[in-house]
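Listed below, chain by chain, are the residues.
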Amino acid sequence: MTELGHFDKAPPEGSEDWLRQAIHAAVGSVFTSGNSIVRLKNGVEIFPAMLEAIEEARESIDFVTFIYWTGDIAQRFARLLAKRARDGISIRVILDGFGSLPMRQELIDIMTESGVQLERFRPIVRWKVWESDHRTHRKILVVDNQVAFTGGVGIAEEWEGDARNPNEWRETHFRVEGPAVLGLRAAFLTDWRDCGHVIDEADIDVALPAEAGTIEMAAIDGSAQIGYNDAERALEAVIAAARQRILIQTPYFNPSEGLGELLTAVAERGVAVDVVIPGPHIDKRIAEIAAEKTYQPMLGSGVRVWIYQPTMMHVKAVVVDGTLSMIGSANFNRRSAEKDEEAVLAVIDRDLAKTLEADFREDVRHSVAASTERTLRHRVAAALIKPIQDEM
């Protein structure tokens, strides 16, 4: 394994101001101060924190997720949300119409019969068939408008545990407090409106979340429109602004042609670029083919790609210059940029960046370096997926 010594370097001087400027230039002034954030690693930390927040809710819970499948955790979430609704808590739940297809109807009934307001985002069976490929991929939980969670976790047994074997996925999620919570809630409201609701007085008559720390954070609504996605523009901006190092963890590596060229260009000017993607336990083999087809030309420019071995790696994080972290639901692929509803946080905090870099380093220990060799089988597979690669 190649040493990752560049992780030990101090971040470039003035990196906070420079990266903040990059975000402002791309998407406007979106940062708030007074926030705190906690990194939660794998289901063993993620689910207890989320369930505890739901249990402690006093007024309201807003929850949107792409994946709601099966397993014990699916039962626990549904039953606890139902219980809190019976306690008098106002609860709104949005389940993606495609991502929640495996969910048992029994769990939906448990929630709705207890008073949970539940919507399916763009059900597959509808007359607007042209919208069926546009999904909400967000994972947001907001409790009492004071604490929020976002990241990559789905509500399914695959995310339970601590990534100890192929049945327990590797994941990172985040607990946020402070003014940035309202930015995540606003992303939830975008999907709530898409489900047929209007913004009413109760949605705007909310107190500003109390300051909970000193961290600057920008909540970026990644609503996908052709050529117009704030989250993708912010990502392009911070990659272009990188001076020292970029770390990328993503389950699906298929950036647009322009973003891929940008990543290659910054590597060629001396920025250390490292990418961790899933290996033998990836859940979508076609995504593995697309990733290999995309990263192969980059290897010669100095981009290093690491193939994670123990289980499915579903982490979604980009860390730039040991200073700014971009986290949330977005993958490093074309679908997140052009088709799906996403929520992204840009966090200026060296402590969080250090934590995520340490996680990255640990994951690289369990990875193998990508090879520049391509077999005939790989070349044929890459050619076959070319017509649909823009859809992935």
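The structure this text deals with has already been given above.
The notes below deal with the structure included here. Treat the numbers as computed from the prediction; the structure is a model and nothing was measured. (Residues numbered from 1 in each chain as written. Predicted model: local features only at pLDDT ≥ 70, side-chain atom pairs only at ≥ 80, totals over all residues. Heavy atoms only, no water.)

### Some remarks on the overall build of the protein
Then, in step 1: When its secondary structure is counted, the protein shows 12 helices and 15 strands.
Then, in step 2: With the principal axes as the frame, the protein shows a C-alpha extent of 60 × 45 × 40 Å.
Then, in step 3: Within the protein, buried positions represent 59% of all 392 residues.
Then, in step 4: For the protein, restricting intrachain contacts to residue pairs at least 6 apart in sequence, the fraction spanning at least 24 positions comes to 83%.
Then, in step 5: Of the roughly 16200 Å² that the protein leaves accessible, carbon and sulfur atoms contribute 51%.
Then, in step 6: Taken as two groups, the 44 positive and 61 negative side-chain charges of the protein have centres that lie 4 Å from each other. (Helix = DSSP H or I, 4+ residues; strand = E, 2+ residues; numbered from the N terminus. Buried < 20%, exposed > 50% of the residue type's maximum accessible area, 1.4 Å probe, protein only. Contact = heavy atoms within 4.5 Å. Areas by Shrake-Rupley, 256 points an atom, 1.4 Å probe, with all protein chains shown as cover. Lys, Arg positive; Asp, Glu negative; His and termini not counted. Charge placed at Lys NZ, Arg CZ, Asp CG, Glu CD.)

### Some details on the side chain of Asp 96
Then, in step 1: With respect to the helices, strands and loops of the structure, Asp 96 is situated in strand 3 (residues 90-96).
Then, in step 2: Side-chain polar atoms of Asp 96 contact the side chain of Arg 135, separated by 3.1 Å.
Then, in step 3: The residues touching Asp 96, leaving out its near neighbours within four places in the chain, are Thr 65, Phe 66, Arg 120, Phe 121, Arg 135 and Thr 136. (Polar contact = N/O pair within 3.5 Å; in protein donor to acceptor, adjacent residues only side chain to side chain.)

### Comments concerning the packing of helix 7 (residues 230-241) against helix 8 (residues 257-268)
Then, in step 1: Following both chains from N to C, one finds helix 7 and helix 8 inclined at 15°, their axes separated by 9 Å at the closest point. As summarised for this structure, helix 7 and helix 8 are arranged roughly parallel, according to the angle between their axes. The way helix 7 lies across helix 8 gives a crossing that is left-handed. Where helix 7 abuts helix 8, its residues Leu 235, Glu 236, Ile 239 and Ala 240 lie against Leu 259, Leu 262, Leu 263 and Val 266.
Then, in step 2: When grouped by side-chain class, the residues that make up the contact of helix 7 with helix 8 number 7 nonpolar, no polar and 1 charged. (Axes fitted to C-alpha atoms, helices over the stretch in contact; angles between N-to-C directions. Parallel < 35°, antiparallel > 145°, perpendicular 65-115°, else oblique. Left-handed = near helix turned anticlockwise from the far one by under 90°. Nonpolar A, V, L, I, M, F, W, Y, C, P; charged D, E, K, R; others polar.)

### Description of the pattern of salt bridges
Pairing between side chains of opposite charge can happen when the charged atoms of each approach one another.
Then, in step 1: Here the structure, examined in full by the defined rule, presents 30 salt bridges.
Then, in step 2: Here Arg 164 makes a salt bridge to Glu 168, at a shortest N to O gap of 2.6 Å.
Then, in step 3: Of the residues examined, Glu 168 reaches a relative accessible area of 10% and is grouped as buried. (Salt bridge = Lys/Arg side-chain N within 4 Å of Asp/Glu carboxyl O.)

### Brief notes about the environment of Val 44
Then, in step 1: Relative to the assigned elements, Val 44 resides in helix 2 (residues 42-55).
Then, in step 2: What makes Val 44 partly exposed here is its relative accessible area of 46%.
Then, in step 3: Put simply, Val 44 and Glu 160 are 116 residues apart on the chain and 6.4 Å apart in space, counted from C-alpha to C-alpha.

### Section: the nonpolar core
Then, in step 1: Of all hydrophobic cores here, the largest spans 46 residues; its most connected members are Ile 61, Tyr 68 and Phe 77.
Then, in step 2: Of all the secondary structure elements, the ones that give two or more residues to this core are helix 2, strand 2 (60-65), helix 3 (72-86), strand 3, helix 4 (105-112), strand 5 (140-143) and strand 6 (147-151).
Then, in step 3: Broken down by element, the residue count for this core peaks at 8 residues, all from helix 3.
Then, in step 4: Beyond its immediate sequence surroundings of up to four residues, Tyr 68 is in contact with Ala 74, Phe 77, Ala 78, Leu 95, Gly 99, Ser 100, Met 103, Leu 107 and Ile 155. (Core = buried A, V, L, I, M, F, W, Y, C linked by side-chain atoms within 4.5 Å.)

### Focus: the packing of helix 1 (residues 15-27) against helix 7
Then, in step 1: At a minimum axis distance of 8 Å, the contact between helix 1 and helix 7 shows a crossing angle of 145°. Between helix 1 and helix 7 the crossing geometry is right-handed. In this structure, helix 1 contributes Trp 18, Leu 19, Ala 22, Ile 23, Ala 26 and Val 27 to the contact, and helix 7 contributes Asp 230, Arg 233, Ala 234, Ala 237, Val 238 and Ala 241.
Then, in step 2: Its residues placed into classes, the contact of helix 1 with helix 7 shows 10 nonpolar, no polar and 2 charged.

### What about the environment of Leu 4?
Then, in step 1: Positionally, Leu 4 belongs in the segment before helix 1.
Then, in step 2: Classification of Leu 4 by relative accessible area gives buried; the value is 2%.
Then, in step 3: Sequence spacing of Leu 4 and Leu 19 is 15 residues, and the spatial spacing of their C-alpha atoms is 23 Å.
Then, in step 4: When near neighbours in sequence (up to four residues on either side) are disregarded, Leu 4 contacts Asp 274, Arg 304, Trp 306, Arg 361 and Val 364.

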